[in-house]
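# Observations on chain architecture
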Amino acid sequence: MQTFSFRGEQMLSRLGMGAMRLPTTSEEGAPIDVKKAEEIIDYAVAHGVNYFDTAYVYHEGRSESFLGKALAKYPRDSFYVADKFNYMANPDYKAQFAEQLSRLQMERIDFYLLHAVSDQLMEDLFSCGCIDYFDQMKAEGKIQYFGFSFHGTPDALRKMLASHPWDFVQIQLNYYDWLFGDAKELYEILKEANIPIIVMEPVRGGRLASLSDEIDQKLVSAIPERTIASWAMRWLMRLPQVAVVLSGMSSLEQITDNVNTFSEYIPLSDEQETLLFEMCAAFKKFISVACTGCRYCCPDCPQGIDIPQVLEIYNQYKLGGPWQLQALDKLPEGKRPEDCIGCGSCTSHCPQNIEIPSYMKEMAEQRAKK
């Protein structure tokens, strides 16, 4: 297992085990399948994984308790646990932290984070007193390293870094978001500040584990012995600021593949990265609607739907999964995909000849399933 020297103090496994997507049972409420999940944890430990990430809200609050029990059989100094304060779940940071220690049945949390920091959440975190309190917990040895997971803009990240001497930062980082999102800029900001990076969503929730049959075949032909997911992991090996790559593994097959990938340091070559980026661009065209946001479609829509905004949500849905459609709930009533009457006025005005009503129908049908 590859390792990273964290601040010259700890040797962390480059592969981290995320406890957000543990296997579940078919029972009502989908509780964690303890036997299968423990097999994954045991396999991880046996193959050198020593970084385990959980959070207050994962698996409806069950993740922390499960992880604490699953790791209890191993010496406490042989692994590192990362946990997070979720302001939105319970702003009482003292009570939440105490509950987390109780759930984990541990006296300390090695890597503690402010959870899901966004532009909107920053001011609440700055003003509520939690940062000073967690600094106090760090001084008392109940927290070893203090950082935050980030879901905001580059400007907000700069503001966060200027506010406190953070030990590490966790960001969403993968080759898709590097090319088509803010990931590259976020990485460069953290690299310039010399902040170790913990990576979340390296395979974008599994979406980059298979791009399309045609695209997958081209990657397999280039390197026959590698899975599509391993391309994403080996691309991250090119980035020296990355300390740990988290993967929310839900099967032995997934962890076996990831352990195999991280068993040796073989990052993508320049030529392989070029091929991967070409395939990623083809993938983006494959999954997304090429709306330019010109808004020619909007004035004559009898329902007054903000079509470019809805199509952007559609693109996020195709990339991230059905839960992305929750963003449609924030739109005004009467101006959502299910309100489209399929008149075709939008299509007749679209310079890209996008069949807009068909995408509206697909989203409406998907929402009707929930």
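Position numbers for residues count from 1 along each chain, tracking the sequence in the order it is written. Local features in this predicted model are restricted to residues whose pLDDT is 70 or higher, and side-chain atom pairs enter the listing and the counts only when it is 80 or higher, whereas totals over whole chains, interfaces and linings include all residues. Only hydrogens and water are set aside; all other atoms, that is, all heavy atoms of the structure, feed into the side-chain values.

A word on the environment of Ala 364. Secondary structure is summarised from DSSP: a helix means a run of H or I of at least four residues, a strand means a run of E of at least two, and numbering begins at the N terminus for each. Take Ala 364: it is sitting in helix H15 (residues 356–368). It is 8.3 Å that separates the C-alpha atoms of Ala 364 and Arg 336, two residues lying 28 residues apart in sequence. Any two residues having at least one pair of non-hydrogen atoms within 4.5 Å are treated as being in contact. Those residues in contact with Ala 364, other than ones at most four positions away along the chain, are Pro 337 and Glu 338.

Think of each axis as a best-fit line through the C-alpha atoms, taken over the contacting stretch in the case of a helix, with angles from 0 to 180 degrees between the N-to-C directions. At a minimum axis separation of 10 Å, helix H9 (residues 213–222) and helix H12 (residues 270–287) run at an interaxial angle of 170°. Taken together, the axes of H9 and H12 are roughly antiparallel relative to one another. Residues Ile 215, Lys 218, Leu 219 and Ala 222 of H9 form the contact with H12, whose own contacting residues are Leu 275, Leu 276, Met 279, Ala 282 and Phe 283. Residues are grouped as follows: Ala, Val, Leu, Ile, Met, Phe, Trp, Tyr, Cys and Pro are nonpolar; Asp, Glu, Lys and Arg are charged; all remaining types, including Gly, are polar. Considering only residue class, the contact of H9 with H12 consists of eight nonpolar, no polar and one charged. Any angle between 65 and 115 degrees counts as roughly perpendicular, while under 35 counts as roughly parallel, over 145 as roughly antiparallel, and the rest as oblique.

Their axes nearest at 11 Å, the elements helix H13 (residues 307–320) and H15 cross at an angle of 55°. Between H13 and H15, the interaxial angle falls into the category oblique. Every pair of crossing elements has a handedness; the one defined by H13 and H15 is left-handed. Two secondary-structure elements touch here, H13 through Ile 307, Val 310, Leu 311, Tyr 314, Tyr 317 and Lys 318 and H15 through Ile 356, Tyr 359, Met 360, Glu 362, Met 363 and Gln 366. Among the residues making up the contact of H13 with H15, the classes are represented as nine nonpolar, one polar and two charged. Less than a right angle of anticlockwise turn of the near helix away from the far helix marks a crossing as left-handed, whereas a clockwise turn marks it as right-handed.

By salt bridge we mean one thing: a side-chain nitrogen of Lys or Arg within 4 Å of a carboxyl oxygen of Asp or Glu. Using the criterion set out here, one finds 21 salt bridges in the structure. When the shortest N-O distance is used, the salt bridge between Lys 138 and Asp 167 registers 2.7 Å. Of the two residues, Lys 138 is situated in helix H5 (residues 130–139) and Asp 167 in the loop between helix H6 (154–163) and strand S8 (168–172); the sequence distance between them amounts to 29 residues. Any residue under 20% of the maximum accessible area for its type is buried, any over 50% is exposed, and the rest in between are partly exposed; the area is computed with a 1.4 Å probe on protein chains only. Residue class for Asp 167 comes out buried when judged on its relative accessible area of 9%. Here Arg 238 makes a salt bridge to Asp 270, at a shortest N to O gap of 3.0 Å. Taken together, the positions of Arg 238 in the loop between helix H10 (228–236) and strand S10 (242–247) and Asp 270 in helix H12 put the pair 32 residues apart, joining distant regions of the chain. Within this structure, Arg 76, Asp 77, Arg 108 and Asp 110 form a network of salt bridges that share partners.

Okay, the environment of Leu 22 next. Mapped onto the elements, Leu 22 comes out in the loop between strand S3 (15–18) and helix H1 (34–46). In this structure Leu 22 comes out as buried when scored by relative accessible area, which is 4%. The contact partners of Leu 22, leaving out residues within four places of it in the chain, are Met 17, Ile 32, Ala 37, His 59, Phe 66, Met 249 and Ser 250.

A word on the packing of aromatic side chains. Pairs were defined over the aromatic rings of Phe, Tyr and Trp, the Trp ring being its six-membered one, requiring ring centres within 6.5 Å. Orientation was assigned from the angle between planes: stacked under 30 degrees, edge-to-face over 60, tilted for the rest. As enumerated under the stated definition, the model contains 28 aromatic pairs in all. A ring pair is formed by Tyr 314 and Tyr 359, whose centres lie 4.9 Å apart and whose planes are at 65°; its orientation type is edge-to-face. With a gap of 45 residues between them, Tyr 314 in helix H13 and Tyr 359 in helix H15 connect regions that are remote in the sequence. You can call Tyr 314 buried: its relative accessible area is 4%. An aromatic cluster is present here, built from Phe 85, Tyr 87, Tyr 93, Phe 97, Tyr 112, Tyr 133, Phe 134, Phe 146, Phe 148, Phe 150 and Trp 166 joined pairwise through their rings. For Lys 284, the ring lying beneath its charged end belongs to Phe 180, and the centroid distance is 5.2 Å. Here, a charge over a ring means that NZ of Lys or CZ of Arg falls within 6 Å of the ring centre while also lying within 35 degrees of the ring normal.

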